[in-house]
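What follows is the residue order along each chain.
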Amino acid sequence: MRGGGMWSMTVLLCGVWALSLLYGEMFAFWFPSLSSSWPHSSPPMNGVEYPGGYVKVAVLADPQLMDRTSHNFGPKSLVLQIAQFYTDLFMRRAFLASVSPMKPDVILFLGDYFDGGTFLSDEEWQESLSRLRHIFELNSLERSVNAPVYHLPGNHDIGYAAFNCHRPEVIRRYEKEFGRRNYQFTLGEIDFIAIDAQTLDGHQQGNLTSETWNFIKNVDKDSSSRPRVLLTHIPLYRPDWTSCGPHRTSPIINQRVSRAASDGEILYQNYISEETTNKLLESIKPVLILSGHDHDQCTVTHMSTYGPVREHTLGTISWQQGNWYPSFMLLSASNHTINVSGQEDAVLTQLCFLPVQLFIYLWYLFLFVMTLLLALLRPTNGFRFSCRVGDYMGYIRSVICSNIFSGSAKEKNEDENCEYEMVWDAEGSMHLIKKALKSPTTCSTDKGTVERQVPVFLLGNAVMRATAKKQILQEIDVSMPLDVNINVGPDTMSKLAPRSNKSKTKIAIRRVVRLLRVLTVVAAVNLPLYMMLLFKDWIEK
């Protein structure tokens, strides 16, 4: 490749890499906030316009921070630390660049903060808690009275009834940091009812289960007429193979319940039991249900005695929890008094999807492979086909002329002692000039004496005779096709073959050197950019 062509390709690759890094590490996280809006400020649908008096709530589910229990990695292994860093970085970028620019009034978490929360030691749990606070800026949010944060316990935080009844210290640890497990709060004119769903299907005589049901009974006795939103980490019961709507990408998960052999307490469940679901609906009478746990989006409608109730199961905000399409929800809670007939418009929701991190990394991999192929396989002399075609045409012309000369010598015996010189005029016409043969050049072989005839090559109007320099023969050896029959002795071929092999080796070496040069320049330009983008969101604001 000529110097200019190599640098042009290198500059092009540097530009493509820079744009890819800027998009994958920054611009992609701007799009959710730029393309989304709060549901009460969206363009009216079906002719319905909503007033501006709404409390804006950002809902996040299942961050489930990776730890030593996630993939059986060592507690301090390099692989685990790299996976933790890139997973945490994605969620921090999503929160800072996608959620925060929406300027929510309230942040609501639906549980499962840590992957192995129930199995971590106090020291490991505190370390994970510090990561959680850093990712979602909880320290600054809690200091701000204008942006309160509400939490909900998940099964990865406190476990199910079979676990937490034997490990009360896990419950105390959670409540000390995040507050009560069952509580009620009001945003605008909407009551939000948060319950510990992990204890609902436990034995009624258990302290934690009875505590949760006592709270539900008190809510049932409340005579408030405000619309209610039920918050539960575990989704309510749904029949097997119930459709989850257009936003789900993973297979439908059916009900699965595991109980301990010793006391029959719940070890695991995908959904709350059907009986418990009916009791909740009748006691709380919500207009909307928000849940997590499933890690993928699912929208279903439950039928109750007072009418249909919609449930949104929100997908995880992490890209490492089995969902390629992480998401969060924007919820608008009415700040005005709502009559009974308008309760459906009291709470409006909008699902927002985050960048697909896997696709971004696959694009990086594809771009890296293309960089290698372009640097290695592009012809050494570039794509100058006209020069190569001209070389072959000149060679074919010389072979034809050589054959003409050979035929004339056979037909006329009087020409045996003569030689012909080919001369080309300015118009491109060839003329043969007869000259007396001085001393024919012969070479001896096993089969006899063979006359060596060297083709005459022409450059423009200049004549190159059989006494051409050795350098020209070397160039002929490299550029001449191997299947052309010329009168060259075996001794000459044995000398030219190593030269061809050496030429191929030189070409391979030049290509490797060129590859290293291209990679060095591309890395020198883009690695600092990547490192800057990598850490600009990670440092404390």
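The notes below deal with the structure included here. Note that the coordinates shown come from a computational prediction; the quantities given were computed from them, not determined experimentally.

## Focus on the packing of helix α2 (residues 78–99) against helix α3 (residues 122–135)
- Taken N-terminus to C-terminus, the directions of α2 and α3 make an angle of 35°; their axes are 9 Å apart at the nearest point. Between α2 and α3, the contacting residues are Gln84, Asp88, Met91, Arg92 and Phe95 on the first element and Arg131, His134 and Ile135 on the second.
- Grouping the amino acids of the contact of α2 with α3 by side-chain chemistry returns 3 nonpolar, 2 polar and 3 charged.

## Considerations on the packing of aromatic side chains
- What the rule picks out here adds up to 26 aromatic pairs.
- Geometry around tryptophan 213 places lysine 279 over its ring, the cationic atom sitting 5.7 Å from the centre.

## Examining helix α7 (residues 168–178)
- By the burial criterion, the buried members of α7 are Val170, Ile171, Arg173, Tyr174 and Phe178. All buried residues of α7 project into a common sector of 160° when viewed along the axis, lining one side. For α7, the exposed residues lying more than 90 degrees away from the buried face are Arg172 and Lys176.
- Summarising the contacts, the buried residues of α7 are in contact with α3, α5 (155–158), α6 (161–164) and α8 (207–221).
- Backbone geometry just after α7 places glycine 179 at a positive phi near 95°.

## Quick notes on the nonpolar core
- Ranked by internal contacts, the top residues of the largest apolar core, which has 38 residues, are Leu60, Leu132 and Phe136.
- Looking at this core, the element that brings in the most residues is α2, giving 7 residues.
- Every residue in contact with leucine 132, bar those within four places of it in the chain, is listed here: Pro63, Leu65, Tyr113, Phe114, Leu138 and Phe178.
- In this structure, Leu152, Phe192, Val229 and Leu288 belong to the second largest nonpolar core, which totals 26 residues.

## Comments concerning α3
- In this model α3 runs 20 Å from its N-terminal to its C-terminal C-alpha over 14 residues, within 8% of the 20 Å that 1.5 Å per residue would give.
- Considered for burial, the residues of α3 that qualify are Trp125, Ser128, Leu129, Arg131, Leu132, Arg133, His134 and Ile135.
- Structurally, α3 contributes buried residues whose contacts are with α2, α4 (138–143) and α7.
- Positioned one or two residues after α3, glutamate 137 has a phi angle of 55°, which is positive.

## A short note on the pattern of salt bridges
- If you walk through the whole model with that rule in mind, you get 16 salt bridges.
- The closest approach of N and O atoms between arginine 133 and glutamate 177, which form a salt bridge, is 2.3 Å. On the criterion of sequence distance, the pair formed by arginine 133 in helix α3 and glutamate 177 in helix α7 is long-range, its members being 44 residues apart.
- For arginine 133, a relative accessible area of 17% gives the class buried.

## A few points about the sheet that holds strand β12 (residues 327–334)
- An order of β3-β2-β1-β12-β13 is seen for the 5 strands of this open sheet, with the pairing classed as mixed. The sheet terminates laterally at β3 (149–150) and β13 (347–353), the two strands that pair on one side only.

## Here we look at the side chain of aspartate 196
- Within the secondary structure layout, aspartate 196 lies in the loop between β5 (190–194) and α8.
- Classification of aspartate 196 as buried rests on a relative accessible area of 0%.
- Side-chain polar atoms of aspartate 196 contact the side chain of arginine 181, separated by 2.5 Å.
- A distance of 2.7 Å separates the side chain of aspartate 196 from the side chain of glutamine 198, its partner in a polar contact.
- Those residues in contact with aspartate 196 that lie beyond four places of it in its chain are Pro153, Ile158, Arg181, Asn182 and Thr212.

What counts, and at which threshold
- Residues numbered from 1 in each chain as written.
- Predicted model: local features only at pLDDT ≥ 70, side-chain atom pairs only at ≥ 80, totals over all residues.
- Heavy atoms only, no water.
- Axes fitted to C-alpha atoms, helices over the stretch in contact; angles between N-to-C directions.
- Helix = DSSP H or I, 4+ residues; strand = E, 2+ residues; numbered from the N terminus.
- Contact = heavy atoms within 4.5 Å.
- Nonpolar A, V, L, I, M, F, W, Y, C, P; charged D, E, K, R; others polar.
- Phe/Tyr/Trp six-rings, centres within 6.5 Å; stacked < 30°, edge-to-face > 60°.
- Lys NZ or Arg CZ within 6 Å of the ring centre and 35° of its normal.
- Buried < 20%, exposed > 50% of the residue type's maximum accessible area, 1.4 Å probe, protein only.
- Arc of directions from axis to C-beta.
- Core = buried A, V, L, I, M, F, W, Y, C linked by side-chain atoms within 4.5 Å.
- Expected span 1.5 Å × (residues − 1).
- Salt bridge = Lys/Arg side-chain N within 4 Å of Asp/Glu carboxyl O.
- Pairing = 2+ DSSP bridges.
- Polar contact = N/O pair within 3.5 Å; in protein donor to acceptor, adjacent residues only side chain to side chain.

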